[in-house]
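Inside the fold
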Amino acid sequence: MLLRRLTSSSADTTDEGPFVLGYAMCFGLMGVLFAHCFIYFTKFPNDRAWIRVLVDVVLLLETLITIFALHGFWVGVTDHNSDLSSIVTAGVGG
């Protein structure tokens, strides 16, 4: 059973729930981060420069992580016929 499932080429959508939930949370939390950064930069424009740079760096890194997650989601949906679990076994670019 397990060997047949590992070698099967058909898209099995029974294990896609955690992936979809994870991607939705990632994109939703990115919106929350943007809102928090917007509020921070409008409410505290006179903070120390190193604190503002730190917030900018965190926002940049989180944006890159979200872009990579979006790429993995796109590859799983388009190239692997909506089999999101295939990106775990094939790698993000595969």
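Heads up: the structure comes first, above all this text.
This write-up is about the structure you can find in this document. This one's a predicted model, so the numbers in the text were calculated from it and none came from an experiment.

A few points about a nonpolar patch on the surface
- On the surface, Val53, Val57, Leu60, Leu61, Leu64, Ile67 and Phe68 cluster together into a nonpolar patch covering about 650 Å² of accessible area.
- Position of Ile67 relative to the elements: it lies in helix H3 (residues 49-79).
- The exposure class of Ile67 is partly exposed, given its relative accessible area of 47%.

A look at the environment of Ala69
- Mapping Ala69 onto the fold places it in helix H3.
- In sequence terms Ala69 and Cys26 are 43 residues apart; their C-alpha atoms lie 8.0 Å from each other.
- With residues near it in sequence (within four places) discarded, Ala69 still touches Tyr23 and Cys26.

Observations regarding the nonpolar core
- If you look at the biggest cluster of nonpolar residues, it comprises 5 residues: Met30, Cys37, Tyr40, Val55 and Leu59.
- When contributions to this core are tallied by element, the ones reaching two or more residues are helix H2 (17-43) and H3.
- Excluding residues that lie within four positions of it along the chain, Leu59 makes contacts with Met30, Leu33, Phe34 and Cys37.

Conventions we followed
Residues numbered from 1 in each chain as written. Predicted model: local features only at pLDDT ≥ 70, side-chain atom pairs only at ≥ 80, totals over all residues. Heavy atoms only, no water. Patch = residues over 30% accessible without salt bridge, like charges linked within 9 Å, V, L, I, M, F, W, Y side chains within 5 Å. Areas by Shrake-Rupley, 256 points an atom, 1.4 Å probe, with all protein chains shown as cover. Salt bridge = Lys/Arg side-chain N within 4 Å of Asp/Glu carboxyl O. Helix = DSSP H or I, 4+ residues; strand = E, 2+ residues; numbered from the N terminus. Buried < 20%, exposed > 50% of the residue type's maximum accessible area, 1.4 Å probe, protein only. Contact = heavy atoms within 4.5 Å. Core = buried A, V, L, I, M, F, W, Y, C linked by side-chain atoms within 4.5 Å.

Remember that the coordinates give geometry; whether it matters functionally is a separate question.
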